[in-house]
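Residue-level structural notes
Listed below, chain by chain, are the residues.
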Amino acid sequence: EQDKIDALRKQLEDQAAEAERERQRQKQDEEKEKEKEKERERKQKEKEDEDRRRKMQEEADRLQAELDAAKKEAARQQKQREKEDEERARALEDERKKLEKARKAMEDERKKKAEDEEAERQAWEDRRNKIAQMKAAERADREKRQKPQSDDDEPEEKPAPRRKNEKPVDSYASVPKDDKPARKKKAPANDDSDDDDGGAKPKAKGRRKKEEPKAPLKDYKIFFSVNIQTDENDEDVIADTEALRPLLADLFETRSEKDVFEIKTRKKGNGFKIDFGIIIATSMHPADYIDTFDDLTMDGSFQSTIKDGFDLTKDPHVHIWEARYEKIDPKKRKK
């Protein structure tokens, strides 16, 4: 029995040792499992941290890329603005140069126009002075021609004795019949009252009529050049001069419309220039006849003729005019 008891005790001790070993193994297994779990958790955490870092890096990279793109776009826009500003400044400078050039051209044109007007004024003044000199010379020649006639007329009541078979000299032989005054100066009795009423002046007029016989008509060509100021100076308006010809013939009382010739027009800055010629028959000196053009401009007759001839809406203004004349040979005139 003791042996059985010892064997049983030994068996129990072996079972207890085995159980202890089993417990130790389980404990070790549990520790290993815990370590493995910890390792897994660590690895999981490291993985999560790595993912978090990666995402943060990606976000940072994205933000950096956006920032770089924004900087690049800002730099591009700045460059574009600078380019546009430069182009705008260049365009403004070109516009300024154009305006300066246009202003200079306008000043040059205004200066040239003023010089042309001054030259035309001077030419007109020279022409008027020349006409005045010609008139003065013509009057002086006329007075010289009249003095011998008056000297011959005074002793008319007592003519000098003439030789036999000598014809009497008629001092008015060159004057037409109708213009020759009567040789007898004695008036009828009923004319005394007229002489008394008129005083000495009628006698002087009668004497002048006797001393200055009526001059014959002579043909002249008068050439006019007139500067017209008007806003209606289109080429189409002033080019057609057919309607103007008969009006000018009526204004200057020529023999026919053909006596108005060489009508030319040229457009100018503030109007136009018209040149034309007329053929007139007058006993006046042509310079005196030319002076009558002032009357036609002062009473508006010439302006009205230009208005009607070119169908203008209002009367134009005569700025400057000049004229010259040529004498026509009677033989050529008849031809």
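As the structure is a computational prediction, the values presented were derived from the model and not from experiment. (Residues numbered from 1 in each chain as written. Predicted model: local features only at pLDDT ≥ 70, side-chain atom pairs only at ≥ 80, totals over all residues. Heavy atoms only, no water.)

Some points on helix H5 (residues 244-252)
We apply this condition: Burial classes follow relative accessibility: with a 1.4 Å probe on protein chains only, a residue under 20% of its type's maximum area counts as buried, one over 50% as exposed, and anything between as partly exposed. In this description a helix means any DSSP run of H or I spanning at least four residues, a strand means any run of E spanning at least two, and both kinds are numbered starting from the N terminus. To obtain the arc, one takes the directions from the helix axis to the C-beta atoms. Contacts are residue-level and defined by heavy atoms, with any inter-residue pair within 4.5 Å sufficient.
Those residues of H5 that fall on the buried side of the exposure criterion are Leu-244, Leu-248, Ala-249, Leu-251 and Phe-252. Projected down its long axis, H5 shows its buried positions confined to an angular sector of 165°, all on one face. The inward-facing, buried residues of H5 abut strand E1 (218-229), strand E2 (260-268), strand E3 (271-282), helix H6 (286-298) and helix H7 (301-310). Just past H5, the residue Glu-253 takes up positive phi, approximately 55°.

Description of the packing of aromatic side chains
In plain terms, the rule: Geometry of aromatic contacts follows a simple scheme: Phe, Tyr and Trp rings, the Trp one being its six-membered ring, pair when their centres are within 6.5 Å, and the pair is stacked under 30 degrees between planes, edge-to-face over 60, tilted otherwise.
Across all of its chains, the model carries twelve aromatic pairs by this definition. With centroids separated by 5.7 Å and ring planes inclined at 85°, the aromatic side chains of Phe-223 and Phe-261 adopt a geometry described as edge-to-face. One end of the pair, Phe-223, is in strand E1; the other, Phe-261, is in strand E2, with 38 residues separating them in the sequence. The exposure class of Phe-261 is buried, given its relative accessible area of 16%. With 5.4 Å between their ring centres and 25° between their planes, Phe-224 and Phe-276 make a pair best called stacked.

Quick look at the pattern of salt bridges
Basically, it comes down to this: Whenever Lys or Arg places a side-chain nitrogen within 4 Å of a carboxyl oxygen from Asp or Glu, that contact is recorded as a salt bridge.
The full count for this structure, using the stated rule, is 22 salt bridges. Across the salt bridge formed by Arg-52 and Asp-49, the nearest N and O atoms sit 2.7 Å from each other. Highlighted residues: Arg-52 and Asp-49, both in helix H1 (residues 2-153), separated by three residues, approximately one helical turn. We classify Arg-52 as partly exposed; its relative accessible area is 45%. In this structure, a network of salt bridges that share partners links the residues Glu-18, Arg-21, Glu-22 and Arg-25.

A short note on the packing of H6 against H7
Think of two packed helices as two axes; the pair is described by the angle between the axes and how far apart they sit. Selection criterion: As a rule, the C-alpha atoms of each element are fitted with a line to give its axis, helices using only the stretch in contact, and angles between N-to-C directions run from 0 to 180 degrees. Geometric relationships in this document are graded by angle, where less than 35 degrees denotes roughly parallel, more than 145 denotes roughly antiparallel, 65 to 115 denotes roughly perpendicular, and other angles denote oblique. The nonpolar class holds Ala, Val, Leu, Ile, Met, Phe, Trp, Tyr, Cys and Pro. Asp, Glu, Lys and Arg form the charged class, and all remaining residues, Gly among them, are polar.
For the pair H6 and H7, the least separation of the axes is 4 Å and the interaxial angle reads 70°. Judged by the inter-axis angle, H6 sits roughly perpendicular to H7. Along its contact with H6, which presents Phe-293, Leu-296 and Thr-297, the element H7 presents Ser-301, Phe-302 and Gln-303. Residue composition of the contact of H6 with H7, grouped by class: three nonpolar, three polar and no charged.

Here's the deal with the sheet that holds E3
The line we're drawing: At least two DSSP bridges between two strands are needed for those strands to be called paired.
An order of E2-E3-E1-E4 is seen for the four strands of this open sheet, with the pairing classed as antiparallel. Unpaired on one side and paired on the other, E2 and strand E4 (317-327) mark the two borders of the sheet. In this sheet, adjacent strand axes meet at a mean angle of 20° when their direction is disregarded. Pairing between E1 and E3: twelve bridges, direction antiparallel. Looking at the pairing, Ser-225 lines up with Asp-275 of E3. H5 rests against E1, E2 and E3 of the sheet, and its axis sits at about 115° to E2. Sheet strands touched by H7: E1, E2, E3 and E4. Its angle to E3, the strand with the most contacts, is close to 115°.

Section: the packing of H5 against H7
Note the threshold: By convention, the crossing between two helices is left-handed when the near helix turns anticlockwise from the far helix through less than a right angle, and right-handed when the turn is clockwise.
It is at 9 Å that the axes of H5 and H7 come closest, and there the two elements cross at 160°. With respect to H7, the element H5 is oriented roughly antiparallel. In this structure, H5 crosses over H7, and the sense of that crossing is right-handed. Residue-level inspection shows Leu-244, Leu-247, Leu-248 and Leu-251 of H5 in contact with H7, the latter providing Ser-301, Phe-302, Thr-305, Ile-306, Asp-308, Gly-309 and Phe-310.

A few points about H6
Counting buried residues in H6 gives ten out of 13 residues, a clear majority hidden from the surface. Residues Pro-286, Ala-287, Asp-288, Tyr-289, Ile-290, Asp-291, Phe-293, Asp-294, Leu-296 and Thr-297 constitute the buried set of H6. Backbone geometry just after H6 places Gly-300 at a positive phi near 85°.

Notes on the environment of Leu-244
On the secondary structure map, Leu-244 appears in helix H5. For Leu-244 and Lys-307, which are 63 residues apart along the polypeptide, the C-alpha to C-alpha distance reads 9.2 Å. Beyond its immediate stretch of four places on either side in the chain, Leu-244 contacts Ile-263, Ile-274, Thr-305, Ile-306, Gly-309 and Phe-310.

As for the nonpolar core
Rule in force here: Think of a nonpolar core as a cluster: buried Ala, Val, Leu, Ile, Met, Phe, Trp, Tyr and Cys residues, connected wherever their side-chain atoms sit within 4.5 Å.
Phe-224, Val-226, Phe-252, Ile-274, Phe-276, Ile-278 and Phe-302 are the most contacted members of the largest nonpolar core, which totals 31 residues. Those elements giving two or more residues to this core turn out to be E1, H5, E2, E3, H6, H7 and E4. Residue contacts for Phe-224: discarding those within four places in its chain leaves Phe-252, Ile-274, Asp-275, Phe-276, Ile-278, Phe-293, Trp-321, Glu-322 and Ala-323.

Structural notes on the confidence of the model for the protein
Counted only if it meets this: In predicted models, pLDDT denotes the confidence assigned by the predictor to each residue on a 0 to 100 scale.
On average, residues of the protein score 78 in pLDDT, and 78% of them are at 70 or above. This model gives residues 150-212 a pLDDT under 50, and the stretch forms 25 contacts once residues within four places in sequence are excluded.

Considerations on the side chain of Lys-273
Convention followed: Neither His nor the chain termini are counted; the positive set is Lys and Arg, and the negative set is Asp and Glu.
You can see Lys-273 is positioned in strand E3. Despite its burial, Lys-273 pairs with no opposite charge; the closest candidate is Asp-275, at 4.7 Å N-O.

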